Amino acid sequence: MPFRLQELISYLNLESMKRKILLTVILSLPVLLFAQSPDDKLKQWAGQNPVEKLYLHCDREEYLAGQTIWFKAYQYAEFLPFDKSSNLFVELLNEKSDIVLRNTFPVVLAVSRGQLDIPDTLSTGKYILRAYTATMLNHDPGFVFKRLIAVTGKGQPSKQTVSAVPKIRMDFFPEGGNFVAGQPNTIAFKATTEEGIPIPVKGILKNEKGETIADFSSYHDGMGMIDISKAENSGYYVQLENDASGQKYELPKVIDKGVVFRLLTGDDGIHFEIFQPKNDPVFSAAYILGQMQHNVVFKQPLKEGVAALSGLIKTSNLSSGILHITVFNKDGKPLAERLSFIDNKEYVQSAQLVVDTINTNSRGKNHFTLSFTDTVKGNFSVAVTDAAFESHLQREQNIYSSLLLTSDLKGYVHNPAYYFSSNNDSVKYAIDLLMMTNGWRRFKWEQLMKDPLPVNQYKDAGYITLSGQVNLEGTKKPFADKDLLLYIVAADSSKNAQLVKTDANGRYSIDSLIFFGKASVLFSDIRGKKSRFVDIKPSGDSLSRSYQLPLVDKQEIVLFSKDEIAKREFQHKLNEEYTAFVKANGLVLSEVIIKSLKKSPLQELEDKYTSGAFSGDTRRTFDLMNTDDAMAYLNIFDFLQARVPGLVASRNDNGEWFVYYRQMASISSLGNQGMDIFLDEVLTDAATVAFLPPSQIAMVRVYSNFVGSTGGGAGGALAIYMKKDEDLFASIPAAGEVLRYNGYSIIKEFYSPDYKVPVKNNDKPDQRMTLLWKPDINIAGVNAKIPLIFYNTDRTKSFKVVVEGMTYDGKMLMLEKIITPAGKAF
């Protein structure tokens, strides 16, 4: 304040009551002076709540039960790759919204990749692939990524009852949100079946007196618009042609006062018209505000007090996507709003798919090249599939339509990829109809203007976070303010040790962990002789949390096909393919009972630890997992010399170890040839093994002759196996506790055969539907050329190639082509 309160009161020499009144007024001045405008409020919210989007590039859209859905995930916010989320949740839902599968993967530098293994028991039907991060749910969860997946498995697909004369639903949307009496109005409409499938219509608009006002017809996917030159303060309805029932579809009610806001997109920008009551401050437009992704992109003042306004919004400098335009009065109250789609093509990353060699012979080698011009830095993925098993030549959803369009529209959008198929006027007109008939409701201005702003319910966990309570064993006394060792052994036997300090209440928390599969975590006091045994009460981990998301919308589960005969033929083809797939992979053993002998503990140990040549016959095998036989010895060699006649382990004057097998030396012309020593099937030396505690060894295998030996196996070999995973933890004499955690889902590598190399089962029919999946194409260079090499199946005659991805500056690549034997691409 530019004055001091006490001086002002003294100067005015007011009475006591007047002073109190003045004090109240002055103290309220800052609130009035700093009241936030809608654009200020939006900027504040955008800072704490960016619009996070997600897109999954999948290898296909139709699958067989027992196959794998391969995907690459791209995160996007504010027109750039978004790297603030660390955990990606991917789910497969059935028509009842039951989660059939749920996997979790780490996100690194705004991308992730992984797979969902479809159970071979899954029934034929339609499923929803859903993906999200925790922070995406701070917005309406209806905006998470969803894609329709068709699975052919057991049983027949559920039959949808289709009436010969489908019941039609008509929805009406006054442009700008208001249907105002005495003003020119445009009413958009959308005609669908009860299931939400678009349907073309024609009809007549009538007033409540039954007088014909205009005729109309839909333009694209059941959408169209009706112009009313001057609306009467009465009711309106439409009747459709060829509707024997004569049903009346009522339009929204006409209101006495309001603002009409209309847009027309042109080459120079967006032309707008505003019709409003004259000299009515409540319904007098003061300015229009445009926002994209919660960021204000323009604020344009208007002349107040006039009945009609028009103007131009220049859009050439805007990013592409949905522009949300709102008309406000001088008090910041929203009067009307409209969506418009901006398509300046600045988001397009160009690339060429060059067919170098095409070979549709059985198991023929193919060579394509993905070619970029100029400098490109980004991340991309490629799928090559058998085009004969794709129900659509062009997908109905791609990276453009998902990140720029449907991720901002709530509800079902039919074939969104169409709106990016061409730059002609008919497509532009169709997408403008879509803007008028699909709701945008990431927020409502009225709610946003309320104080305080909504608090974010979810935060990013920072990869895997483990937390919980540590008490001294058998007590409620906290293990407070002490160092705690977390020793993590993942499913792939990778190890990671972390030291964390508990707080004053014995709580621990550690984040930024990355491990895959079922991991064992040892919690231990590490103070040596002062160590105490502890009890761990985990609070759960950041990956196991479940989230409440909306049920599947029945419109999203509808597979739409204009040609029902072709649809049935394609499903029959998939049914035959599933039968062949089951037989080839032995997935179903109907009414077969398999009996087998129970394996001994040693056999189970050998199955768990040995592989390849090491699993062959041995001279002796020692199970140290289930016995304490080696515990009394200083090292494993002392134990073996006592148990294996003829095995000698000695040290020379320099302290070097030498291990040989006398029985083999007696028949060898080379004399005492040393034994080869393998530690976990990797060649090592005797000195390394000599210092291993026998308590840490699971098994020793003694080979009198071993094909994997360096000297041809004449000297024999020792294979020593260290305990791992839970076996290792069981042997650790520590004051600790071992818990099991499920880490990230294990990421599998896509198998693409190389028929130049002889392999077993080469005579097995090759009927792959996905021939190549390359999810990790990272480019940072000039004129990059990426080779795409793959072998054909035994039957594929045309290839479908889809390339998608994103550069570091937010450009998107989308190539989708059918490659024919003649080398043509379309």
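If you're wondering where the values come from, they're calculated on a predicted model, not measured in any experiment. (Residues numbered from 1 in each chain as written. Predicted model: local features only at pLDDT ≥ 70, side-chain atom pairs only at ≥ 80, totals over all residues. Heavy atoms only, no water.)

Participant: So what about the overall build of the chain? Which residues, and what values?
Facilitator: What the chain contains, in helices and strands, is 12 helices and 44 strands. Buried residues in the chain amount to 50% of all 826 residues. Intrachain contacts of the chain at a sequence separation of at least 6 include 70% that bridge at least 24 residues. For the chain, the computed accessible surface area is about 40800 Å², with 51% contributed by carbon and sulfur atoms. (Helix = DSSP H or I, 4+ residues; strand = E, 2+ residues; numbered from the N terminus. Buried < 20%, exposed > 50% of the residue type's maximum accessible area, 1.4 Å probe, protein only. Contact = heavy atoms within 4.5 Å. Areas by Shrake-Rupley, 256 points an atom, 1.4 Å probe, with all protein chains shown as cover.)

Participant: So what's going on with unusual backbone geometry? Residues and values would help.
Facilitator: Phi at asparagine 279 takes a positive value of approximately 60 degrees, unusual for a residue other than glycine. Structurally, the position occupied by asparagine 279 is in the loop between strand S18 (269–275) and strand S19 (287–292). Positive phi is not limited to glycine here, since aspartate 374 has a value of about 65 degrees. Relative to the helices and strands, aspartate 374 is located in the loop between strand S25 (365–371) and strand S26 (375–386). Judged by relative accessible area, which is 55%, aspartate 374 ranks as exposed.

Participant: Pulling in residues and values, what's your account of the side chain of threonine 193?
Facilitator: Considering the arrangement of structural elements, one finds threonine 193 in strand S11 (residues 185–193). Beyond its immediate sequence surroundings of up to four residues, threonine 193 is in contact with Pro166, Lys167, Arg169 and Ile199.

Participant: Can you tell me about the sheet that holds strand S36 (residues 676–679), naming the residues and giving the values?
Facilitator: Reading across from one edge, S33-S38-S39-S36-S37 is the order of the five strands in this open sheet, with mixed pairing throughout. Because the sheet does not close on itself, it has two edges, and the strands there are strand S33 (620–623) and strand S37 (682–684). Looking at each pair of strands side by side, their axes are set apart by 20 degrees on average, direction ignored. Bridging between strand S38 (residues 697–703) and strand S39 (residues 717–722) involves six bridges; their strand directions are antiparallel. (Pairing = 2+ DSSP bridges. Axes fitted to C-alpha atoms, helices over the stretch in contact; angles between N-to-C directions.)

Participant: How would you sum up the packing of aromatic side chains? Please name residues and give values.
Facilitator: The way to describe two aromatic rings as a pair is by their centre distance and the angle between their planes. With the rule as written, the count across this model stands at 29 aromatic pairs. Seen from their ring centres, phenylalanine 368 and phenylalanine 790 are 5.4 Å apart, and the 85 degrees between their planes marks the pair as edge-to-face. Pair noted here: phenylalanine 368 is in strand S25 and phenylalanine 790 is in strand S42 (residues 785–791), with a separation of 422 residues, a long-range link. The same class applies to phenylalanine 368 as to phenylalanine 790, namely buried. Of note, lysine 299 hangs over the ring of tyrosine 287, and the distance from its end group to the ring centre comes to 4.5 Å. Against the face of phenylalanine 479 rests lysine 482, its NZ or CZ located 5.7 Å from the ring centre. (Phe/Tyr/Trp six-rings, centres within 6.5 Å; stacked < 30°, edge-to-face > 60°. Lys NZ or Arg CZ within 6 Å of the ring centre and 35° of its normal.)

Participant: Before we move on, can you summarise the sheet that holds strand S21 (residues 308–313) with the specific residues and values?
Facilitator: Sheet strands associate in pairs through backbone hydrogen bonding, adopting either a parallel or an antiparallel arrangement. The strand order across the open sheet formed by three strands is S17-S18-S21, and the pairing between neighbours is antiparallel. In the strand order of this sheet, the two ends are held by strand S17 (260–266) and S21, each with one partner. Here the strands of the sheet are splayed against their neighbours by 15 degrees on average, with no regard to which way each runs. Where S17 meets S18, seven bridges bridge the pair, whose relative direction is antiparallel.

Participant: Account for the environment of glycine 805, naming residues and giving values.
Facilitator: Turning to its location among the elements, glycine 805 is positioned in strand S43 (residues 799–807). When the C-alpha atoms of glycine 805 and isoleucine 399 are compared, they prove to be 7.8 Å apart, with 406 residues separating the residues in sequence. Once you skip the residues sitting within four places of it in the chain, glycine 805 turns out to touch Tyr74, Asn379, Phe380, Ile399, Lys811, Met812 and Leu813.

Participant: Tell me what's going on with the confidence of the model for the chain, and back it up with residues and numbers.
Facilitator: Per-chain confidence: the chain averages 85 in pLDDT, with 86% of residues scoring 70 or above. Scored below 50 in pLDDT, residues 1–34 shows 15 contacts in the model against residues more than four places distant or in partner chains. This model gives residues 665–670 a pLDDT under 50, and the stretch forms three contacts once residues within four places in sequence are excluded. (pLDDT = per-residue confidence, 0-100.)

Participant: Account for the pattern of salt bridges, with residues named and values stated.
Facilitator: In the structure shown here, the tally under the stated rule is 25 salt bridges. Close ionic contact of aspartate 59 with arginine 60 constitutes a salt bridge, the shortest N to O distance being 3.6 Å. Note on accessibility: aspartate 59 and arginine 60 belong to one class, buried. Note that aspartate 171 is salt-bridged to arginine 169, the shortest N-O span being 3.0 Å. One continuous salt-bridge network, built from bridges that share partners, spans Arg395, Lys800, Glu804 and Glu816. (Salt bridge = Lys/Arg side-chain N within 4 Å of Asp/Glu carboxyl O.)

Participant: How would you sum up the nonpolar core? Please name residues and give values.
Facilitator: Proteins that are soluble and globular tend to have nonpolar side chains buried together. Core analysis: the largest hydrophobic core is formed by 66 residues, its most contacted members being Leu56, Val90, Leu405, Tyr419, Leu434 and Met435. The residues contacting leucine 56, other than those within four sequence positions of it, are Phe71, Lys72, Ala73, Val90, Leu129, Ala131, Phe145 and Arg147. In this structure, Ala649, Trp657, Val659 and Ile697 belong to the second largest nonpolar core, which totals 26 residues. (Core = buried A, V, L, I, M, F, W, Y, C linked by side-chain atoms within 4.5 Å.)

Participant: So, the environment of methionine 699: which residues are in play, and what are the values?
Facilitator: Along the chain, the position of methionine 699 falls in strand S38. Residues methionine 699 and leucine 624, 75 residues apart in the sequence, show an inter-C-alpha distance of 5.3 Å. What methionine 699 contacts, discounting residues up to four positions off in sequence, is Leu602, Leu605, Glu606, Tyr609, Thr610, Thr621, Phe622, Leu624, Ala719, Ile720 and Tyr721.

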